[in-house]
Amino acid sequence: MRKGQEPEARSGSGAGPGQARERAGGAGPGMKLGRAALGLLLLAPLAVRAVEPISLGLALAGVLTGYIYPRLYCLFAECCGQKRSLSREALQKDLDSKLFGQHLAKKVILNAVSGFISNPKPKKPLTLSLHGWTGTGKNFVSKIIAENIYEGGLNSDYVHLFVATLHFPHASNITLYKDQLQLWIRGNVSTCARSIFIFDEMDKMHAGLIDAIKPFLDYYDHVDGVSYQKAIFIFLSNAGAERITDVALDFWRSGKQREEIKLKDMEPALSVSAFNNKNSGFWHSSLIDRNLIDYFVPFLPLEYKHLKMCIRVEMQSRGFEVDEDIVTKVAEEMTFFPKEERVFSDKGCKTVFTKLDYYYDD
Ligand SMILES: Nc1ncnc2c1ncn2[C@@H]1O[C@H](COP(=O)(O)OP(=O)(O)OP(=O)(O)O)[C@@H](O)[C@H]1O
């Protein structure tokens, strides 16, 4: 779903249960070489004398369109689950070169996504819950994941982004949103089993809406004839950010490297009790109680040196030489916390780009 669009089932994608089972997991019409067609192909040389040339030509043309055309088509256009370069190495390379200061997130995401994609028969859809301070890379990493699975990334027809405050703004419309969201997910997974759904601002999402997607995340082979086991659900939120920051700050204060922080150090920050407050959309949801989230991924608050890295990348992407004077000036304009120690950027890398505009406005 594109921003600004209310959730509604895309026409043609809301297949009925019977159709849906047939379509889920298929890469598009005509992708499988039917037995009859295969037989025709093998028998064609023998039959050449018996069958008149026009019929033989038509039969061969049928085989070509049913088998070769879809494959050729997917070489040039995007198909469900068909990116050519999908690999653990490519994902690792992207994460290493683009995502700064997030050693924990990198590791979990790399293992979770590449393991899931290479599993031909997952028992449930992959569910990732990304937590952390604003501007630390949660949306950015979702984009990297999407791009590694689909050529079109976030613009792919198989990747759907929902922003709680944008798409589900009115609490009074929850029943309607619920129906639309379920229809949307069902319709899209029917069309492409390897669909990706990203829910931003999960902590602002109405509890009823979170519960509406629950059946799709569970260990069911089929729900009303549709299998959701190859889909990917990514939830983004700021829930737990304070606790994650406290852990990072403790490490900093005791003079340890941030890379020494282990996942187990973050466990208390990402526990059920951490989300069990009224500021978090998860607190009344049974997603956690029912163990439907596979990975809780912590995003650490970013430091001054990470901001500089973000600024350099932005300069290069705008086609400028990196000017270290400007990099320092922009980084120093940002605000940091805690007040006395000024360790972490309070907006992460989020606003560095607009600050850069000031230096390149002509
Ligand atoms: N860790 C990072 N490494 C590299 N670039 C980053 C990182 N974090 C943020 N950025 C840059 O800042 C931009 C904004 O970050 P992003 O939207 O991913 O933040 P977020 O964590 O999703 O924030 P919010 O919680 O406010 O939604 C990204 O598009 C990216 O360019």
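Computed from a predicted model, the values in this text were never measured in an experiment. (Residues numbered from 1 in each chain as written. Predicted model: local features only at pLDDT ≥ 70, side-chain atom pairs only at ≥ 80, totals over all residues. Heavy atoms only, no water.)

### Overview of the environment of Ile-288
Part 1 of the reasoning: With respect to the helices and strands, Ile-288 occurs in helix α13 (residues 286–289).
Part 2 of the reasoning: In this structure, the C-alpha to C-alpha distance between Ile-288 and Arg-342, residues 54 residues apart in sequence, is 34 Å. (Helix = DSSP H or I, 4+ residues; strand = E, 2+ residues; numbered from the N terminus.)

### Quick word on the packing of helix α14 (residues 304–317) against helix α15 (residues 324–333)
Part 1 of the reasoning: Two elements in contact, α14 and α15, have axes separated by 9 Å at closest approach and are oriented at 130°. With respect to α15, the element α14 is oriented oblique. Between α14 and α15 lies a crossing of right-handed hand. Contacts between α14 and α15 involve Tyr-304, Leu-307, Lys-308, Ile-311, Arg-312 and Met-315 from the first element and Glu-324, Ile-326, Val-327, Thr-328, Val-330, Ala-331 and Glu-332 from the second.
Part 2 of the reasoning: Here the contact of α14 with α15 is built from residues that sort into eight nonpolar, one polar and four charged. (Axes fitted to C-alpha atoms, helices over the stretch in contact; angles between N-to-C directions. Parallel < 35°, antiparallel > 145°, perpendicular 65-115°, else oblique. Left-handed = near helix turned anticlockwise from the far one by under 90°. Contact = heavy atoms within 4.5 Å. Nonpolar A, V, L, I, M, F, W, Y, C, P; charged D, E, K, R; others polar.)

### Here we look at the packing of aromatic side chains
Part 1 of the reasoning: By the definition in use, this model includes 12 aromatic pairs.
Part 2 of the reasoning: Taken together, a centroid distance of 4.8 Å and an interplanar angle of 10° make the contact between Phe-162 and Phe-199 stacked. Within this pair, whereas Phe-162 is found in strand β2 (residues 159–163), its partner Phe-199 is found in strand β3 (residues 196–200), the two being separated by 37 residues in sequence.
Part 3 of the reasoning: A residue is classified by how much of its surface remains accessible, and Phe-199, at 0% relative accessible area, is buried.
Part 4 of the reasoning: Each member of the aromatic cluster is reached from another via a ring pair, and the members are Phe-162, Phe-168, Tyr-177, Phe-199 and Phe-235.
Part 5 of the reasoning: Sitting over the ring of Phe-251, Lys-256 keeps its end group 4.6 Å from the ring centre. (Phe/Tyr/Trp six-rings, centres within 6.5 Å; stacked < 30°, edge-to-face > 60°. Buried < 20%, exposed > 50% of the residue type's maximum accessible area, 1.4 Å probe, protein only. Lys NZ or Arg CZ within 6 Å of the ring centre and 35° of its normal.)

### Looking at the UniProt feature "domain: Torsin-1A C-terminal" (unreviewed entry) in the protein
Part 1 of the reasoning: UniProt's feature table lists "domain: Torsin-1A C-terminal" (unreviewed entry) at residues 302–359, given in the numbering used throughout.
Part 2 of the reasoning: Helix makes up 52% of residues 302–359 and strand 7%. Its end C-alpha atoms lie 23 Å apart. (UniProt positions renumbered as here; feature names shortened; annotations may be inferred.)

### A closer look at α14
Part 1 of the reasoning: Here α14 spans 20 Å end to end across 14 residues, near enough to the 20 Å set by a 1.5 Å rise per residue.
Part 2 of the reasoning: Buried within α14 are the following residues: His-306, Leu-307, Lys-308, Cys-310, Ile-311, Glu-314 and Met-315.
Part 3 of the reasoning: For α14, the secondary structure elements touched by its buried residues are α15, β6 (336–337), β7 (344–345) and α16 (352–357).
Part 4 of the reasoning: Among the residues trailing α14, Gly-319 stands out with phi positive, at a value near 85°. (Expected span 1.5 Å × (residues − 1).)

### Overview of helix α6 (residues 138–149)
Part 1 of the reasoning: Its 12 residues place the ends of α6 17 Å apart at the C-alpha level, agreeing with the 16 Å of an ideal helix rising 1.5 Å per residue.
Part 2 of the reasoning: Looking at α6, one finds that the buried residues are Lys-138, Val-141, Ser-142, Ile-144, Ile-145, Ala-146, Asn-148 and Ile-149.

### With respect to the site of the ligand
Part 1 of the reasoning: Of all residues adjacent to the ligand, which total 18 residues, the nearest are Phe-100, Thr-134, Lys-138, Asn-139 and Lys-350.
Part 2 of the reasoning: Contact distances for the ligand include 2.9 Å between an oxygen atom and a backbone N or O atom of Gly-135.
Part 3 of the reasoning: Note that an oxygen atom of the ligand is positioned 2.9 Å from one of the backbone N or O atoms of Phe-140.
Part 4 of the reasoning: Contact with the protein chains hides 84% of the accessible area of the ligand, taken as 630 Å² for the molecule alone.
Part 5 of the reasoning: Take the shell around the ligand: its biggest share by element is three residues, from α6.
Part 6 of the reasoning: Partitioning the shell around the ligand into residue classes produces eight nonpolar, seven polar and three charged. (Near = heavy atom within 4 Å. Polar contact = N/O pair within 3.5 Å; in protein donor to acceptor, adjacent residues only side chain to side chain. Areas by Shrake-Rupley, 256 points an atom, 1.4 Å probe, with all protein chains shown as cover.)

### Observations regarding the sheet that holds strand β4 (residues 232–237)
Part 1 of the reasoning: Taken in spatial order, the five strands make up an open sheet running β2-β3-β4-β1-β5, and their pairing is parallel. Edge positions in the sheet fall to β2 and β5 (295–299), since each of these pairs with one other strand and no more. Taking each pair of neighbouring strands and ignoring which way they run, the sheet shows an average axis angle of 15°.
Part 2 of the reasoning: Sitting on the sheet, helix α5 (residues 103–118) is in contact with β1 (126–132), β4 and β5, with an inclination near 150° to β5. (Pairing = 2+ DSSP bridges.)

### Thoughts on the nonpolar core
Part 1 of the reasoning: Judged by nonpolar contacts, the single largest core of 33 residues is most densely connected at Ile-109, Val-113, Leu-130 and Ile-234.
Part 2 of the reasoning: Mapped by element, the contributors of at least two residues to this core are α4 (88–98), α5, β1, α6, β2, β3, β4 and β5.
Part 3 of the reasoning: The dominant element in this core, judged by the number of residues it contributes, is α5, at eight residues.
Part 4 of the reasoning: Beyond its immediate stretch of four places on either side in the chain, Leu-130 contacts Ile-109, Lys-138, Val-141, Ser-142, Ile-234, Phe-235, Leu-236, Ser-237, Val-297 and Phe-299.
Part 5 of the reasoning: Residues Ile-185, Phe-233, Leu-287 and Leu-292 belong to the second largest nonpolar core, which totals 27 residues. (Core = buried A, V, L, I, M, F, W, Y, C linked by side-chain atoms within 4.5 Å.)

### Structural notes on the UniProt feature "binding site: ATP" (unreviewed entry) in the protein
Part 1 of the reasoning: Following the UniProt record, the feature "binding site: ATP" (unreviewed entry) maps to Gly-132, Trp-133, Thr-134, Gly-135, Thr-136, Gly-137, Lys-138 and Asn-139 here.
Part 2 of the reasoning: Once residues lying within four places of it in the same chain are set aside, the contact partners of Trp-133 are Lys-138, Asn-238, Ala-241, Glu-242, Thr-245, Phe-299, Phe-337, Ser-345 and Asp-346.
Part 3 of the reasoning: Summarising the element assignment, Gly-137 is placed in the loop between β1 and α6.

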